Amino acid sequence: MLTVVDGRVFVRHGDAGFEPAREGDLVAAGDTVRTASGASAEITYFEGSSVRVEADAEIVLMSLGTPDGGALQTLGRAWHVVTMLISGESRYEVRTPSSTASVRG
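Residues numbered from 1 in each chain as written. Predicted model: local features only at pLDDT ≥ 70, side-chain atom pairs only at ≥ 80, totals over all residues. Heavy atoms only, no water.

A. Broad picture of the overall build of the protein. Along its length, the protein carries zero helices and 11 strands. Taken across its 105 residues, the protein has 35% of its residues classed as buried. Expressed as a percentage of contacts within the protein between residues at least 6 apart in sequence, the contacts between residues at least 24 apart total 36%. Total accessible area on the protein is roughly 5,800 Å²; 54% of this is exposed by carbon and sulfur atoms. (Helix = DSSP H or I, 4+ residues; strand = E, 2+ residues; numbered from the N terminus. Buried < 20%, exposed > 50% of the residue type's maximum accessible area, 1.4 Å probe, protein only. Contact = heavy atoms within 4.5 Å. Areas by Shrake-Rupley, 256 points an atom, 1.4 Å probe, with all protein chains shown as cover.)

B. Examining the sheet that holds strand S1 (residues 2-6) more closely. Judged by pairing direction, the sheet is antiparallel, and its four strands sit side by side in the order S1-S5-S6-S9 without closing on themselves. The outermost strands of the open sheet, each flanked by one partner alone, are S1 and strand S9 (78-81). Each neighbouring strand pair of the sheet contributes to a mean axis angle of 15°, computed without reference to strand direction. Bridge count for S1 against strand S5 (residues 40-44) is four bridges, and the pairing is antiparallel. Counted as the bridge partner of Thr3 is Glu42 from S5. (Pairing = 2+ DSSP bridges. Axes fitted to C-alpha atoms, helices over the stretch in contact; angles between N-to-C directions.)

C. Molecular detail of the nonpolar core. Membership of the largest hydrophobic core comes to 19 residues, with the highest contact counts inside it found for Leu2, Val9, Val27, Val33, Ile43, Val51 and Ile59. For this core, the secondary-structure elements that each account for two or more residues are strand S2 (9-12), S5, strand S6 (50-53), strand S7 (58-62) and strand S10 (91-95). Ignoring sequence-local partners within four residues, the contact set of Ile59 consists of Asp31, Thr32, Val33, Ile43, Val51, Val53, Ala71, Leu72, Gln73, Ala78 and His80. (Core = buried A, V, L, I, M, F, W, Y, C linked by side-chain atoms within 4.5 Å.)

D. The arrangement of the environment of Val4 in detail. Turning to its location among the elements, Val4 is positioned in strand S1. Between the C-alpha atom of Val4 and that of Arg22, which follows or precedes it by 18 residues, the distance is 7.0 Å. Once residues lying within four places of it in the same chain are set aside, the contact partners of Val4 are Val9, Ala21, Arg22, Glu23 and Ser40.

E. Broad picture of unusual backbone geometry. Of note in this structure, Asp56 is not a glycine but carries a positive phi near 55°. By the secondary structure assignment, Asp56 is in the loop between S6 and S7.

F. Local environment of the packing of aromatic side chains. The final tally for this structure, using the stated rule, is zero aromatic pairs. A cation sits over an aromatic face here: Arg34 above Phe18, 3.9 Å from the ring centre. (Phe/Tyr/Trp six-rings, centres within 6.5 Å; stacked < 30°, edge-to-face > 60°. Lys NZ or Arg CZ within 6 Å of the ring centre and 35° of its normal.)

G. A look at the pattern of salt bridges. According to the stated counting rule, one finds four salt bridges in the structure shown. Linking Asp25 and Arg22 is a salt bridge whose minimum nitrogen-to-oxygen distance equals 3.8 Å. A salt bridge links Glu54 to Arg77, with the nearest nitrogen and oxygen atoms 3.2 Å apart. Of the two residues, Glu54 sits in the loop between S6 and S7 while Arg77 sits in the loop between strand S8 (69-75) and S9, which places them 23 residues apart along the sequence. (Salt bridge = Lys/Arg side-chain N within 4 Å of Asp/Glu carboxyl O.)

Here's what the structure looks like:
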């Protein structure tokens, strides 16, 4: 679920174009969230993990339910809080153009 904390936030479902986000929008694997200057948003996953997306950022969501879950952060800053992974084999990764951060088990 997407929470618009402040400012203009946009969401793209799959390959569609960006549209203004609305409070409570559901986001899924493959969706992209983009924040404008001065904006921020929070994405809450089904099991309680969350991502706070700061201003001028863009993040592509991947499922937590797979061994390669997480997000691709293409622009800006985001804060990821992982509360519980699905199983001991699960992994949550945040990939950027220059690095990867990973939480396992």
